[in-house]
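Structural features, examined
Below, each chain spelled out in residue letters.
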Amino acid sequence: MQSTKERINDSIVDDSVYNVVMFNDDVTPFEYVIAVLNEVFGYPVEEGFAISIHIHQNGKAIVATTSMQEAYKKVEAVDAMNDQYGFLLQTNVEKA
């Protein structure tokens, strides 16, 4: 039998899948987008380049599909890189 605390924790755990979406802008250089895709999301440089072209041409791209917690960690990592390097690359979390 579960304790009350275990039942509450089980009820608030969201095991849904979420997308991390990266958006195009007119000021962030391709090199930086590729670096973020490599360092935060683990894409090889060549794949990061292809994804950055897709973002540029289509306005956005899903760059990760994962748990809600992991998705928000990725967004926080992008925001930290933005702060470090002075860019405003936007990412967001959406339910898949």
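Everything here concerns the structure above.
These lines cover the structure that appears in this document, whether it is placed above or below. Every value quoted in this text rests on a predicted model; they were computed, and no experiment measured them. (Residues numbered from 1 in each chain as written. Predicted model: local features only at pLDDT ≥ 70, side-chain atom pairs only at ≥ 80, totals over all residues. Heavy atoms only, no water.)

**What about the packing of aromatic side chains?**
- A complete count under the given rule lists 2 aromatic pairs for this structure.
- An aromatic cluster is defined as three or more aromatic residues linked by ring pairs; in this entry it consists of Tyr 32, Tyr 85 and Phe 87. (Phe/Tyr/Trp six-rings, centres within 6.5 Å; stacked < 30°, edge-to-face > 60°.)

**With respect to the pairing of strand E1 (residues 17-23)**
- A large share of E1 lies buried, amounting to 5 of its 7 residues.
- Judged from the 7 bridges that link them, E1 and strand E2 (residues 60-67) form a sheet pairing that is antiparallel. Considered in E2, the bridge of Met 22 is made with Ala 61.
- As paired elements, E1 and strand E3 (residues 91-95) share 5 bridges and run antiparallel to each other. Following the sheet pairing, Val 21 is matched in E3 by Asn 92. (Buried < 20%, exposed > 50% of the residue type's maximum accessible area, 1.4 Å probe, protein only. Helix = DSSP H or I, 4+ residues; strand = E, 2+ residues; numbered from the N terminus. Pairing = 2+ DSSP bridges.)

**With respect to the environment of Val 27**
- Counting through the fold element by element, Val 27 comes out in the loop between E1 and helix H2 (30-39).
- With a relative accessible area of 65%, Val 27 lands in the exposed category.
- Sequence separation between Val 27 and Leu 88 is 61 residues; the distance between their C-alpha atoms is 8.4 Å.

**Observations concerning helix H3 (residues 45-58)**
- Spanning 14 residues, H3 covers 20 Å between terminal C-alpha atoms, matching the ideal 20 Å at 1.5 Å per step.
- Three or more residues of H3 are buried, namely Gly 48, Ile 51, Ser 52 and Ile 55. In an axial view of H3, the angular spread of the buried residues amounts to 105°, which keeps them on one side of the axis. Among the exposed residues of H3, those pointing more than 90 degrees away from its buried face are Glu 46 and Gln 57.
- The inward-facing, buried residues of H3 contact E1, H2 and E2.
- Gly 59 occupies a position one or two residues after H3 and carries a positive phi of about 90°. (Expected span 1.5 Å × (residues − 1). Arc of directions from axis to C-beta. Contact = heavy atoms within 4.5 Å.)

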